[in-house]
Amino acid sequence: MLTRKQRHLLLFIDGRLRETGIAPSFDEMREGVGLRSKSGIHRLVQSLEERGFIRRHHHRARALDVLRLPDDMAARAAPAPAAAEAEGRGFAPTIIQGDFAPRIAGARPSSDAPAMQVPLYGRIAAGLPIEALRDPAAYIDIPTAQLPLGEHYALEVAGDSMIDAGILDGDTVIIRRGDIAENGQIVVALIDDAEVTLKRLRRRGNSVALEPANPKHETRIFPAERVKIQGRLTMLYRRY
């Protein structure tokens, strides 16, 4: 069930796609639903994507598809012009240098499977908050069917603190962007707005424990307000 703002934005996007064939910009969305800040629009767009109402193409600007409308509205008679055009011309992502092989339950994607470009921000290391790495120099192509809903980015792992979880130095992790995670999930955590680390999350009262998966490394415990979740692990790629 959608909130009033989510529904308003969804119908605004759908109407604009039908009228012009081009998705509205975030500024146009903000004005269309009467919000003061673009951050509110980002949250609404993310929530609509997570609920399966829209799909974003993160490798292109102003690229949105409306997948479905609320149940109490009639089914769409035809895809929006932008979506139809995209289906007609196909998707040709840029291939980055290197040989990344997916390690996902032994699956081997077919060569003609649709792919999504995930930005590779660099190595996950102390002193580099994820927001400082938002201008990626490379992308990783991942079959769309293997990606869960949401916005994703990739990081190269530095160090051996997670080897018992099967994450080795030099591996590439695929992270779903977000600030919510459950106990036991492996997350990208930002400490004191300065240090970024990949660890298993444990909440203990008003404290947050960041657990390594290597007995040579110690668990670090912080007051909850010092730790911000930047995303959670959804996939692992390894270079051979």
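See the structure above.
Notes on the structure follow. In this text the structure is predicted, and so the values were computed from the model without any measurement. Think of each chain on its own: its residues are numbered from 1, step by step along the sequence as written. Only residues with pLDDT of at least 70 are given local features in this predicted model, and only at 80 or more are side-chain atom pairs given and counted; all residues enter the totals for whole chains, interfaces and linings. Excluding hydrogens and water, the side-chain figures rest on all heavy atoms present in the structure.

Here the focus is the packing of aromatic side chains. Working definition: a ring pair exists when centres of Phe, Tyr or Trp rings (six-membered ring for Trp) sit within 6.5 Å. Plane angles under 30 degrees give stacked, over 60 give edge-to-face, the rest tilted. Under the defined criterion, the tally for this structure stands at 1 aromatic pair. Each ring, one from Y121 and one from Y153, has its centre 5.2 Å from the other, and the planes form 20 degrees; the classification is stacked. Of this pair, Y121 sits in strand β4 (residues 115-124) while Y153 sits in strand β6 (residues 152-157), placing them 32 residues apart in sequence. There is no split in this pair, since Y121 and Y153 are both buried. The cationic tip of R68 hangs over the ring face of F53; the distance from NZ or CZ to the ring centre is 3.9 Å. Helix and strand assignments follow DSSP, with helices taken as H or I runs no shorter than four residues and strands as E runs no shorter than two, numbered in order from the N terminus. Exposure categories follow from relative accessible area, calculated using a 1.4 Å probe and restricted to protein chains: below 20% of the type maximum is buried, above 50% is exposed, and the middle band is partly exposed. Whether a charge sits over a ring comes down to the Lys NZ or Arg CZ being within 6 Å of the ring centre and within 35 degrees of the ring normal.

With axes taken as lines fitted to C-alpha atoms, and helix axes fitted only over the stretch in contact, angles between N-to-C directions fall between 0 and 180 degrees. Between helix α1 (residues 4-20) and helix α2 (residues 26-33), the shortest axis-to-axis distance is 10 Å and the interhelical angle comes to 125 degrees. Classed by the angle they form, the pair α1 and α2 counts as oblique. Relative to α2, α1 is oriented so that their crossing is right-handed. Side by side, α1 and α2 meet where K5, H8, L9, F12, I13 and R16 of the first sit next to E28, M29, G32 and V33 of the second. Amino acid classes used here: Ala, Val, Leu, Ile, Met, Phe, Trp, Tyr, Cys and Pro are nonpolar; Asp, Glu, Lys and Arg are charged; the rest, including Gly, are polar. Tallied by class, the residues present in the contact of α1 with α2 amount to 5 nonpolar, 2 polar and 3 charged. Put simply, angles under 35 degrees are roughly parallel, angles over 145 are roughly antiparallel, angles from 65 to 115 are roughly perpendicular, and the rest are oblique. Throughout, a crossing is termed right-handed when the near helix is turned clockwise from the far one, and left-handed when it is turned anticlockwise from it by less than a right angle. Contacts were defined at the residue level, with two residues in contact if any of their heavy atoms lie within 4.5 Å.

By definition here, a helix of n residues has an expected span of 1.5 Å times n minus one. The end-to-end C-alpha distance of α1, which contains 17 residues, comes to 24 Å, matching closely the 24 Å that a straight helix rising 1.5 Å per residue would cover. One or two steps after α1, the chain reaches G21, where phi turns positive at roughly 80 degrees.

Residue D192 is not a glycine yet carries a positive backbone phi of 55 degrees. Relative to the helices and strands, D192 resides in the loop between β8 (186-191) and β9 (195-204). Overall, D192 belongs to the partly exposed group, its relative accessible area being 39%.

Between α2 and helix α3 (residues 38-50), whose axes approach to 9 Å, the crossing angle comes to 90 degrees. Overall, the two elements α2 and α3 adopt an arrangement that is roughly perpendicular. Along its contact with α2, which presents F26, D27, M29, R30 and V33, the element α3 presents K38, I41, H42 and V45. Looking at side-chain class alone, the contact of α2 with α3 contains 5 nonpolar, 1 polar and 3 charged residues.

A few words now on the environment of E182. As for its position among the elements, E182 is in the loop between β7 (172-177) and β8. C-alpha separation for the pair E182 and R232, spaced 50 residues apart in sequence, amounts to 9.3 Å. Beyond its immediate sequence surroundings of up to four residues, E182 is in contact with L201 and R203.

Here β8 runs beside β9; their pairing, made up of 6 bridges, is antiparallel. Following the sheet pairing, A189 is matched in β9 by T197. Between β8 and β9, which pair antiparallel and follow one another directly, the connecting turn spans 3 residues, one of which, D192, has a positive phi of 55 degrees. By the convention used here, strands pair only if DSSP detects at least 2 bridges between them. With 5 bridges joining them, β9 and strand β10 (residues 207-211) adopt antiparallel strand pairing. The residue bridging R200 from the neighbouring strand is E211, located in β10. Between β9 and β10, which pair antiparallel and follow one another directly, the connecting turn spans 2 residues, one of which, G205, has a positive phi of 65 degrees.

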